[in-house]
Amino acid sequence: MCGIIGFTGNIQAKNIIIDGLERLEYRGYDSAGLALLNNGRINVMKKTGKVADLRKLCENAELSGTCGIGHTRWATHGGVTDVNAHPHRCGQVVLIHNGIIENYKQIISEYGLADKLMSETDSEVVAALLDTLYDGDPIKAIKKTVNVLSGAFALCIMFQDIPGKIFSIRNVSPMVATSCEKGSIIASDLTALIEFSKDYFVVPEYHILTLSKEGIDIIDMKGNEVKPEILSVNWDIASAQKGGYPFFMLKEIYEQPDAIRNTVTPRVSQGLPDFTEDGIDDSIFTDCERICVVACGTAMHAGMVGKHLIESRLRVPVQVEIASEFRYKNPIMDSKTLTIVLSQSGETIDTLEALKLAKSMGSKVLSIVNVKGSTIARESDYVLYTHAGPEIAVASTKAYTVQIAAMYLIAARMGLVRKLIDEKSTKKFIINLINASNIIEETLKSANNIKRVANHIKLAPDAFYIGRGLDYTMSLEAALKLKEISYVHAEAYAAGELKHGTIALIAENVPVIAFATQEDVYGKVISNIREVKARGAYVVLVSMDEKVDDVAICDQHIRIPKLDSEFTTFATSVILQLIAYYTSEAKGLDVDKPRNLAKSVTVE
Ligand code: AGP
């Protein structure tokens, strides 16, 4: 998503816009720009890079004017280039856009706009269309334009021949607005508004706003004047930047229910998994004899959940490969292998090169990616986009759970089209998957109990996660999360494997978090817990059951909702994420930007 802001008032607009963009930068930060309308002229300054780079660019530029718009981009259509940065200008019109115009290609051909376009973006198409339809009446032109658009948009528009005014309209993409003695302000969210006023209103969808230094007029599409409901905010500027959370990671952990809903529900029709809108051909599921999952880090751990599901439900062999290893192992692969690539950023170089290798060996590639138009997505034969929204914290949380959800959808679709699972069972599976959001919401209620675990771990030099089956897979992700943001050394172990060596490391008070959510091996894990307890470990049991004897042998119990064993992953994910988060926070570390790490590893 992107950040947008508009201001018109009695004071110079440039710094107001740039300051506002800095507060909106968490929404997207690959390029930034602004436009100022002054004495019948529009000045546009924009470039790739951070808002700080834009500020430097504008430092010595002649950019006076009390009316302007600004944008910080999170690229969806078109790469990260200066020309693709916003604002986009065409003839009399300059605008900024947050959202995705689904029919932009159709608009280009229908209105013959190709010659007007300089960028690869859908947003510039809106500017060109608006300019084409503009005959001096802005409201009429805006109405005609939005009647053509399909998709999500939040638009702020200026017309060169209409001084001092900003027009705005939205559909789905968020915008809030307010006016004060300095002027009128509109932005993607409160972070850019609250320094002006604690009172604001949510811009109603499909209403046209006209901002002037006197105030904000709102009309509906029939031309009726509308008075908005005024709300008030009690955030301070700093916390509002993260939606009121102390760190982006915590915000993103709490965004998981919506992220999963946004990823799953568009792929369910009549209760069954459906990839029609994604253009994914069923033949990739029916024609393959085996599957190779390739990814890095957390994305790979999500792929391992998919392995468990597909092998246990469909008996199709799945190998999971670390991308950086896969590239150099001369893998056994052919056209009968379906390669599934997972990547939040869609730019991880090891994963990208592994993808290219798989393709060169005849394998069809389906990628699960969170960033639209990213390189991995473009190189793939098919893409199943996750809709988690931008993930800013380096530690991946919501991207992980939506990747898992995507693997559940693939397992369900594959079982259906290979006629291995009937519709009735598939519908039940999908109902459980849709319930994942509720599972996460329910588990988030244990946050305080989980904090107690972190207080114990933060002092430990080492920590162990153990589990069997899916719980072992979750242990791998738990150990990575803890290491990467709290710097506590952690290891994941198959619970049954401990006694073959590692148990030598278990001593008094060494924390062992045992995931025991898989009914078929629950008793075995309890035995393993007794083994480590007998050697002084501090044991945290994560399970569905409240079996008193089992809980009694542990130092702490985190209960998860009663679920089908296949679906405990969503609850366990939240628990492992919160343990890592609270440990890092307790140690006073920068949870969002841990040392040595980058959000997207684009180097080998
Ligand atoms: C996740 O917490 C890590 N930051 C890291 O392992 C990440 O999952 C990995 O680098 C893969 O990134 P990608 O999903 O963007 O390809």
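All values reported here derive from a predicted model rather than from experimental measurement. (Residues numbered from 1 in each chain as written. Predicted model: local features only at pLDDT ≥ 70, side-chain atom pairs only at ≥ 80, totals over all residues. Heavy atoms only, no water.)

## Topic: the pattern of salt bridges
Item 1. Inspection of the entire model under this criterion finds 27 salt bridges.
Item 2. Among the salt bridges present, the one from E311 reaches K307, with a minimum N-O distance of 3.0 Å. Of this pair, E311 and K307 both sit in helix α10 (residues 297–314), separated by four residues, roughly a single helical turn.
Item 3. Judged by relative accessible area, which is 24%, E311 ranks as partly exposed.
Item 4. Residues K445 and E442 are paired through a salt bridge, measuring 3.0 Å at the closest nitrogen-oxygen approach.
Item 5. With a relative accessible area of 64%, K445 lands in the exposed category.
Item 6. Residue classification places E442 among the partly exposed positions, given a relative accessible area of 37%. (Salt bridge = Lys/Arg side-chain N within 4 Å of Asp/Glu carboxyl O. Helix = DSSP H or I, 4+ residues; strand = E, 2+ residues; numbered from the N terminus. Buried < 20%, exposed > 50% of the residue type's maximum accessible area, 1.4 Å probe, protein only.)

## Some remarks on the site of the ligand
Item 1. Around the ligand, the structure places 15 residues, and the nearest of them are S343, Q344, S345, T348 and E484.
Item 2. One of the backbone nitrogen or oxygen atoms of S396 is found 2.8 Å away from an oxygen atom of the ligand.
Item 3. Contacts to the ligand include E484, whose side-chain N or O atom sits 2.4 Å from an oxygen atom.
Item 4. Partitioned by chemical class, the residues of the shell around the ligand number six nonpolar, seven polar and two charged. (Near = heavy atom within 4 Å. Polar contact = N/O pair within 3.5 Å; in protein donor to acceptor, adjacent residues only side chain to side chain. Nonpolar A, V, L, I, M, F, W, Y, C, P; charged D, E, K, R; others polar.)

## A word on the sheet that holds strand β19 (residues 337–343)
Item 1. With respect to topology, five strands assemble into an open sheet ordered β18-β17-β19-β20-β21, the strand pairing being parallel. Of all strands in the sheet, those bounded by a partner on one side alone are β18 (318–322) and β21 (382–385). In this sheet, adjacent strand axes meet at a mean angle of 20° when their direction is disregarded.
Item 2. With five bridges connecting them, strand β17 (residues 290–295) and β18 associate as parallel partners. Within the sheet, the bridge partner assigned to V294 lies in β18 and is E321.
Item 3. Packing of α10 onto the sheet brings it into contact with β17, β18 and β19, and relative to β18 it is tilted by some 170°. (Pairing = 2+ DSSP bridges. Axes fitted to C-alpha atoms, helices over the stretch in contact; angles between N-to-C directions. Contact = heavy atoms within 4.5 Å.)

## Some words on the sheet that holds strand β1 (residues 3–9)
Item 1. Sheet architecture is open: eight strands sit in the order β3-β2-β4-β1-β10-β9-β11-β14, paired in antiparallel fashion. The sheet is open, and its two edges are formed by β3 (41–48) and β14 (231–232), each paired on a single side.
Item 2. Across eight bridges, the pairing between strand β2 (residues 31–38) and β3 is antiparallel. Bridge pairing links L36 to N43 in β3.
Item 3. Across the sheet, helix α1 (residues 14–24) lies against β1, β2 and β4 (67–73), angled at about 155° from β1, the strand it touches most.

## Let's talk about empty space enclosed by the protein
Item 1. What the rule picks out here adds up to three cavities of 30 Å³ or more.
Item 2. Considering only enclosed or pocket space, the largest cavity measures out at about 60 Å³ in volume.
Item 3. C2, R73, W74, T76, H77, H86, H97, N98, G99, T121, D122 and S123 together form the lining of the largest cavity.
Item 4. For the lining of the largest cavity, the secondary-structure elements that each account for two or more residues are β6 (93–101) and α4 (122–133).
Item 5. Among the elements that line the lining of the largest cavity, the one with the most residues is β6, at three residues.
Item 6. The residue inventory of the lining of the largest cavity, partitioned by class, reads two nonpolar, eight polar and two charged. (1 Å grid on protein atoms, 1.4 Å probe; cavity = no way out; pocket = protein on both sides within 12 Å on 5 of 7 lines; lining within 4 Å. Points joined across faces, edges and corners; volume = space filled by probe spheres on them.)

## Quick notes on the environment of I526
Item 1. As for its position among the elements, I526 is in helix α19 (residues 522–533).
Item 2. Residue classification places I526 among the buried residues on the basis of a relative accessible area of 5%.
Item 3. Excluding residues within four positions of it along the chain, I526 makes contact with L541, D550 and I553.

## Here we look at the environment of V233
Item 1. For V233, the location among the structural elements is in the loop between β14 and α6 (237–240).
Item 2. V233 gets classed as buried once you look at its relative accessible area, which sits at 10%.
Item 3. In the structure, V233 is positioned 42 residues away from T191 in sequence and 10 Å away in space, judged by C-alpha atoms.
Item 4. Sequence-distant contacts of V233, that is, excluding residues within four places in its chain, are made with L190, I194, K198 and Y200.

## A look at the pairing of strand β23 (residues 489–494)
Item 1. Two strands pair when backbone bridges link them, and strand β22 (residues 462–467) and β23 are joined in this way by six bridges, in the parallel orientation. When the bridges of β23 are listed, G467 appears paired with A494.
Item 2. The parallel pair β22 and β23 is bridged by helix α18 (residues 470–486), and the resulting crossover is right-handed. (Right-handed = clockwise from strand over helix to strand, strands pointing away.)

## Points about the pairing of β4
Item 1. Most of β4 sits out of view: seven of its seven residues are buried.
Item 2. Side chains C67, I69, H71 and R73 project from β4 onto one buried face, and the interleaved G68, G70 and T72 project onto a second face that is buried too.
Item 3. Looking at chain direction, β1 and β4 are connected through six bridges and run antiparallel. Directly across from I5, in β4, lies its bridge partner G70.
Item 4. In terms of strand pairing, β2 meets β4 through seven bridges, oriented antiparallel. Pairing of A32 across the sheet is with T72, part of β4.

## Focus on the packing of helix α14 (residues 398–417) against helix α21 (residues 569–586)
Item 1. Where α14 contacts α21, the axes come no closer than 10 Å and their chain directions differ by 165°. The angle between the axes of α14 and α21 places the two elements in the roughly antiparallel class. Once α14 is placed against α21, the crossing between them reads as right-handed. Of the residues in α21, those touching α14 at Y400, T401, I404, A405 and Y408 are T569, F570, S573 and Q577.
Item 2. In the contact of α14 with α21, the residues fall into five nonpolar, four polar and no charged. (Parallel < 35°, antiparallel > 145°, perpendicular 65-115°, else oblique. Left-handed = near helix turned anticlockwise from the far one by under 90°.)

## Thoughts on the side chain of S123
Item 1. With respect to the helices and strands, the residue S123 is situated in helix α4.
Item 2. Under the relative-accessibility criterion, S123 is labelled buried at 2%.
Item 3. Engagement of the side chain of S123 in a polar contact is seen with the side chain of H86, the distance being 3.4 Å.
Item 4. Here D122 takes part through its side chain, which lies 3.4 Å from a polar atom of the side chain of S123.
Item 5. In this view, S123 contacts H86, H88, L95 and H97; residues no more than four positions away in its chain are not counted.

## What about the packing of aromatic side chains?
Item 1. Applying the stated criterion across every chain yields a total of 13 aromatic pairs.
Item 2. The interplanar angle of 70° and the centroid separation of 6.2 Å between the aromatic rings of F247 and Y581 together place this pair among those described as edge-to-face. Residue F247 is found in the loop between α6 and α7 (248–254), and its partner Y581 is found in helix α21; the two are separated by 334 residues along the sequence. Each member of the pair, F247 together with Y581, is buried.
Item 3. Connected via pairs of aromatic rings, a cluster forms that spans Y408, F429, F567 and F570. (Phe/Tyr/Trp six-rings, centres within 6.5 Å; stacked < 30°, edge-to-face > 60°.)

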